[in-house]
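What follows is the residue order along each chain.
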Amino acid sequence: MKREININHLTRVEGHGAVNIVFENDKLKEIKLRFTEGPRFFEYITRERLYTEIPKIVSRICGICYVSHRLASILAIENAFEVEITPEIKLLRKLLVVGEYLESHALHLYFLALPDYMGYPSTIAMVKDYPNVVKRGFLLKEIGNKIMKLIGGKTIHGENILPGGFKSVPSKEQLQKVQEDLYKAIPEIKATISLFDSFDYPKFNKEHPISLCINGDKFVLLGDNLGLSDGTLFTKKEYELFIEEKTSAYSTAKYSTIKGKPFLIGPLARINHHINNLRPETKEVVSTLKTSFPSYNSLHANVARAIEMLELAFEGIEITEELIASTPFKKEVEIKPKAGTGYGVKEAPRGTLYHRYTFDDSGRCISANIITPTAQLQAIIEKDLADLIEFSPNVDDIELRKRAEMLIRAYDP
């Protein structure tokens, strides 16, 4: 006897997706996670375009994490042309990423994930009973938005971020205001960590076969080297040698594996990898939690997101201090195009992002490859959904559907 569970429209996720779970004689036959956005051919669109046009084009891949695509493409461009940027430009980019993460993680935690754990259909429905919790979500999101607008030019698709630097840089007074906002954010983030740590997270999945993130001796979101949970290290130039991509017959996202296995990326992978590299102030908070890391419960990604927000708020305060002391500073460096290939890797809020471009001597793009977090997450989410079925033997279809949506939402695909 055949039975199907169809989720035709995944709600409270930042993309578009659907799930089809098929049973035959009460045994799982197949799971299909479908990302249903139409093909957009961004890699093809970049061909024959000048390097200056590429960050504008590829940032449109995602409105929520446009900063990640813009920076990953810029890092690849600068790598191809052997551009050396100033320490201040590096710091300002890191501060921009702090804003990106505060906005994206606050959006996910308070407006996409939280209703599942509080028993409401949406965050708006929570306002009457939990007005201060909802206000906290808006406050943290707004602090992130303000940083992105100041440094990026706009909250979404800002044009101030350029290869070589920025069109304009913040004043000392503006940086001081950012610092004040980050100090205000810290108690709100600690309350967020406490809230998400307080929930009971049922175990829906088995241990992840392998995980991936940017490697470093501290918590990093930009870098040239990557690490796997089995101890393997590799460079950004080797990314395509490790990540195996193939097209999916039922999804517009590609299907990615490492060593033939699904792999974890994103906040849980990062906190698992960097748990001993966090700053003392963050470690002190983590030490009080009932949720322990490393963790292999995919739902703990929500706690990991909140921890990342705290780590980055502390980092942002340090960065603003350094930039205030350096003001005024040079906003950009000269770029001289030449033939070559460049690679850019960045941790987007939902996972590792990879861009590669090859240019001719005039700076026009010959070829491109972009590997998005969504493409890398499909395999591991399907693996987790299969585990969920195994962990839910006596659950009716309505409850199973609810659990499947919660699990997928934890990945923020």
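Bear in mind the structure is a predicted one, so any value in this text is a computation, not a measurement.

Conventions we followed
Residues numbered from 1 in each chain as written. Predicted model: local features only at pLDDT ≥ 70, side-chain atom pairs only at ≥ 80, totals over all residues. Heavy atoms only, no water. Helix = DSSP H or I, 4+ residues; strand = E, 2+ residues; numbered from the N terminus. Rg over C-alpha atoms; globule rule 2.2 N^0.38 Å. Buried < 20%, exposed > 50% of the residue type's maximum accessible area, 1.4 Å probe, protein only. Contact = heavy atoms within 4.5 Å. Areas by Shrake-Rupley, 256 points an atom, 1.4 Å probe, with all protein chains shown as cover. Lys, Arg positive; Asp, Glu negative; His and termini not counted. Charge placed at Lys NZ, Arg CZ, Asp CG, Glu CD. Core = buried A, V, L, I, M, F, W, Y, C linked by side-chain atoms within 4.5 Å. Salt bridge = Lys/Arg side-chain N within 4 Å of Asp/Glu carboxyl O. Pairing = 2+ DSSP bridges. Axes fitted to C-alpha atoms, helices over the stretch in contact; angles between N-to-C directions. Patch = residues over 30% accessible without salt bridge, like charges linked within 9 Å, V, L, I, M, F, W, Y side chains within 5 Å. Parallel < 35°, antiparallel > 145°, perpendicular 65-115°, else oblique. Left-handed = near helix turned anticlockwise from the far one by under 90°. Nonpolar A, V, L, I, M, F, W, Y, C, P; charged D, E, K, R; others polar.

(A) Structural detail: the overall build of the protein. Looking only at helices and strands, one finds 12 helices and 13 strands in the protein. What you see for the protein is a C-alpha radius of gyration of 21 Å, in line with the 22 Å of a compact globule of 413 residues. Dimensions of the protein, computed from the C-alpha atoms along their principal axes, are close to 65 × 45 × 40 Å. Counting over 413 residues, the protein shows a buried share of 58%. Here the contacts in the protein between residues at least 6 apart in sequence split such that 69% fall between residues at least 24 apart. In the structure as shown, the protein presents an accessible area of about 17,300 Å², 51% of it carried by carbon and sulfur atoms. Counting 55 positive and 55 negative side-chain charges, the protein places the centres of these two groups 3 Å from one another.

(B) Representation of the nonpolar core. Grouped together as the largest cluster of nonpolar side chains are 136 residues, with contacts concentrated most on L95 and L212. The element that contributes the greatest number of residues to this core is helix α4 (residues 87-118), accounting for 18 residues. Other than its neighbours up to four places away in sequence, L95 contacts I147, I151, L175, V178, L182, G316, I319, T320 and L323.

(C) Quick look at the side chain of D197. Here D197 shows up in helix α6 (residues 172-197). We note that D197 is buried and unpaired, the nearest opposite charge coming from K290 at a distance of 6.1 Å. Ignoring any residue separated from it by four or fewer positions in sequence, one finds D197 in contact with L289, K290, T291 and V303.

(D) Layout of the environment of T235. Relative to the elements of secondary structure, T235 occurs in strand β8 (residues 233-235). Relative accessible area serves as the criterion here: at 32%, T235 is assigned to the partly exposed category. Ignoring anything within four residues of it in the chain, the contact list for T235 reads D224, N225 and L226.

(E) Representation of the sheet that holds strand β2 (residues 17-24) in the model. Judged by pairing direction, the sheet is antiparallel, and its three strands sit side by side in the order β1-β2-β3 without closing on themselves. Lying at the two open borders of the sheet, with one neighbouring strand each, are β1 (2-7) and β3 (27-35). Going across the sheet, the axis of each strand differs from the next one's by a mean of 10 degrees, ignoring polarity. Both β2 and β3 contribute to a ladder of eight bridges, which runs antiparallel. Within β3, the position partnered with A18 by the bridge is R34. Relative to β3, helix α11 (residues 373-391) is tilted by about 155 degrees, and along the sheet it contacts β2 and β3. Contacting β1, β2 and β3, helix α12 (residues 397-411) runs over the sheet at an angle of about 45 degrees to β1.

(F) Molecular detail of the environment of E43. Examined against the element boundaries, E43 turns out to sit in helix α1 (residues 42-45). Classification of E43 by relative accessible area gives partly exposed; the value is 24%. For the pair E43 and L310, spaced 267 residues apart in sequence, the C-alpha to C-alpha distance is 35 Å. Those residues in contact with E43 that sit more than four places away from it in its chain are A368, N369 and I370.

(G) Molecular detail of a nonpolar patch on the surface. On the surface, F41, Y44 and I45 cluster together into a nonpolar patch covering about 360 Å² of accessible area. Of note, F41 is situated in the loop between β3 and α1.

(H) Seen up close, the packing of α4 against helix α5 (residues 131-152). Direction vectors running N to C along α4 and α5 enclose 150 degrees, while the axes themselves pass 8 Å from each other. One finds that α4 runs roughly antiparallel with respect to α5. For the pair α4 and α5, the crossing hand works out as left-handed. Grouping the amino acids of the contact of α4 with α5 by side-chain chemistry returns 16 nonpolar, five polar and four charged.

(I) View of unusual backbone geometry. The step from F293 to P294 runs through a cis peptide bond, and the omega angle for that step is 0 degrees. By the element assignment, P294 lies in the loop between α9 (280-286) and α10 (301-326). Here T327 and P328 are connected by a cis peptide whose omega angle stands at 0 degrees. At E48, a position not held by glycine, the phi torsion is positive, near 70 degrees. Here E48 lies in the loop between α1 and α2 (54-58). A positive phi angle, close to 55 degrees, is found at E82, a residue other than glycine. Looking at where E82 falls in the secondary structure, it is placed in the loop between α3 (66-80) and α4.

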